[in-house]
There are 2 protein chains.
Amino acid sequence: MSSEPAYDPLGAVPRYLQIARILRARIESGALEPDRPIPSEKAVEQEFGVARQTARHAVALLREWGLVQTVPGLGTYVIRR
Amino acid sequence: MSSEPAYDPLGAVPRYLQIARILRARIESGALEPDRPIPSEKAVEQEFGVARQTARHAVALLREWGLVQTVPGLGTYVIRR
DNA sequence: CTATATTTGTGCGTATGTATG
DNA sequence: ACATACATACGCACAAATATA
C-alpha cells in the first residue's frame, strides 16, 4: 500500500510544504496525470483549508521541482517526462 | 560609465535601503523606463535573495521618493516626469 | 462581438514567531 | 528595548489571460 504523506496543519512542517509533498505524491503515483491540470489554487485552498497564498506557495514549489508548468489564466499542468 | 550602487548584504546599510538605491539608479539611468513596471515584489525577492517584507520596504521607499506609483492588482510603475 | 466564469498574477494590510546586532 | 530581517500564514482586492456561452 502506498499512501500519500499526511496533512498535519499543526505540525512543525510548514503547511505549504506538506501540501506540495502531497501533490507531488499524487503526481508520482499517477493520480495526477501528465498533460492534465492539477487542482486549481481555489481547489487547493478548499481541500486543505488554507489561504490562497499558502496554496500558491505549494504550487510554486512543484514548479521549482520541475513537476508542473503554469499557464496564466488557464491552470497548472503536470509535465510529461 | 555609470554603475549602480553595489549590493552588500553584509554591509552596514540596511538591505531594503540598498535595494531601493539600486532600483532608483536603474530608474535614473533609464534602465527602468517611465510608464513601465519595475520588477514585481517576487522578482525583487529573488534577485536579491531577501524576504517579501524587505522587498516591499524597498519599493515603499521608491514611492516615498516619488519615483514610482503602485497600482493595486497591476504593479508598480515608473512615474513619467 | 460581448458577456461571464475561471484561473493565475500582483499587491495591500496584518499577524505571529524566530533571530541577530 | 529597538531596528533589521527572515519565515510562515491569514484575508481581501483588482488586473490580466483564457475559455466558453
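All of the points below concern the structure found in this document. (Residues numbered from 1 in each chain as written. Chains lettered and ligands numbered in written order. Predicted model: local features only at pLDDT ≥ 70, side-chain atom pairs only at ≥ 80, totals over all residues. Heavy atoms only, no water.)

**Focus: the protein's contact with DNA strand C**
This is how it is decided: Proximity criterion: a residue is near a molecule or strand once any of its heavy atoms comes within 4 Å of it. In protein, a polar contact requires one atom able to donate a hydrogen and another able to accept it; more generally it is a pair of N or O atoms within 3.5 Å, and residues adjacent in sequence count only if both atoms are side-chain atoms. By the criteria applied, helices consist of DSSP H or I runs no shorter than four residues and strands consist of E runs no shorter than two, each listed in order from the N terminus. Gly is placed with the polar residues, together with every amino acid not listed as nonpolar (Ala, Val, Leu, Ile, Met, Phe, Trp, Tyr, Cys and Pro) or charged (Asp, Glu, Lys and Arg).
Around DNA strand C, 21 residues are found, and the nearest of them are A:E41, A:R52, B:E41, B:R56 and B:G73. Among all atoms of DNA strand C positioned within 4 Å of the protein, those belonging to sugar or phosphate total 57%. Between A:R56 and DNA strand C, the recorded distance is 3.1 Å, taken from a side-chain N or O atom to a phosphate oxygen. Contact distances for DNA strand C include 3.4 Å between a sugar or linking oxygen and a backbone N or O atom of A:G73. Among the secondary structure elements, those contributing two or more residues to the surface near DNA strand C are helix 3 (52-64), strand 1 (68-71) and strand 2 (75-78) of chain A together with helix 3 (52-64) and strand 2 (75-78) of chain B. Per element, the largest residue contribution to the surface near DNA strand C is three residues, and it comes from helix 3 of chain B. The residue inventory of the surface near DNA strand C, partitioned by class, reads four nonpolar, ten polar and seven charged.

**Considerations on the pattern of salt bridges**
Test applied: Salt bridge criterion: a side-chain nitrogen from Lys or Arg within 4 Å of a carboxyl oxygen from Asp or Glu. Each residue's exposure class comes from its accessible area (1.4 Å probe, protein chains only) as a fraction of the maximum for that residue type: buried when under 20%, exposed when over 50%, partly exposed otherwise.
Summed over the entire model, instances satisfying the criterion amount to ten salt bridges over all chains. Of the charged contacts in the structure, one is a salt bridge between A:R56 and A:E41, with a shortest N-O distance of 2.7 Å. Remark: A:E41 occurs in helix 2 (residues 41-48) and A:R56 occurs in helix 3; sequence separation between them is 15 residues. Across the pair B:R26 and B:E4 runs a salt bridge whose closest N-O atoms are separated by 2.9 Å. Highlighted residues: B:R26 in helix 1 (residues 15-29) and B:E4 in the segment before helix 1, separated in sequence by 22 residues. Taking relative accessible area as the criterion, B:R26 reaches 16% and is therefore assigned buried. Salt bridges here are not isolated pairs; linked through shared partners, they connect A:E4, A:R26 and A:E47.

**Looking at the packing of aromatic side chains**
To describe a pair of aromatic rings, one takes the distance between the centres and the angle between the planes. Note the threshold: Working definition: a ring pair exists when centres of Phe, Tyr or Trp rings (six-membered ring for Trp) sit within 6.5 Å. Plane angles under 30 degrees give stacked, over 60 give edge-to-face, the rest tilted. Two conditions define a charge sitting above a ring: the NZ of Lys or the CZ of Arg must be within 6 Å of the ring centre, and it must be within 35 degrees of the ring normal.
Per the counting criterion, the structure on display carries one aromatic pair over all chains. For the pair A:Y7 and A:F48, a centre-to-centre distance of 5.1 Å together with 75 degrees between the ring planes defines the contact as edge-to-face. Here A:Y7, found in the segment before helix 1 (15-29), pairs with A:F48, found in helix 2; they are 41 residues apart in sequence, far enough to count as distant. Under the relative-accessibility criterion, A:Y7 is labelled partly exposed at 23%. The exposure class of A:F48 is buried, given its relative accessible area of 9%. Positioned above the aromatic ring of B:W65, the side-chain terminus of B:R24 is 4.6 Å from the ring centre.

**Let's talk about the pairing of strand 1 of chain A**
Residue and element names in this part refer to chain A. Stated precisely, the cut-off is as follows: Any two strands between which DSSP finds at least two bridges are classified as paired.
Pairing of strand 1 with strand 2 involves four bridges; the strand directions are antiparallel. The residue of strand 2 that forms the bridge with Q69 is Y77. In this structure, the hairpin formed by strand 1 and strand 2 is closed by a connection of three residues, where G73 is found at a positive phi of approximately 80 degrees.

**Some words on the protein's contact with DNA strand D**
Close to DNA strand D lie 23 residues; A:R15, A:Q53, A:T54, B:R15 and B:T54 are nearest. For DNA strand D, the fraction of atoms within 4 Å of the protein that belong to sugar or phosphate moieties is 74%. A:A51 is positioned such that a nitrogen or oxygen atom in its backbone is 3.1 Å from a phosphate oxygen of DNA strand D. Contact distances for DNA strand D include 2.9 Å between a base nitrogen and a side-chain N or O atom of B:Q53. The set of elements that each furnish at least two residues to the surface near DNA strand D consists of helix 1 and helix 3 of chain A together with helix 1 and helix 3 of chain B. For the surface near DNA strand D, the per-class residue count stands at twelve nonpolar, seven polar and four charged.

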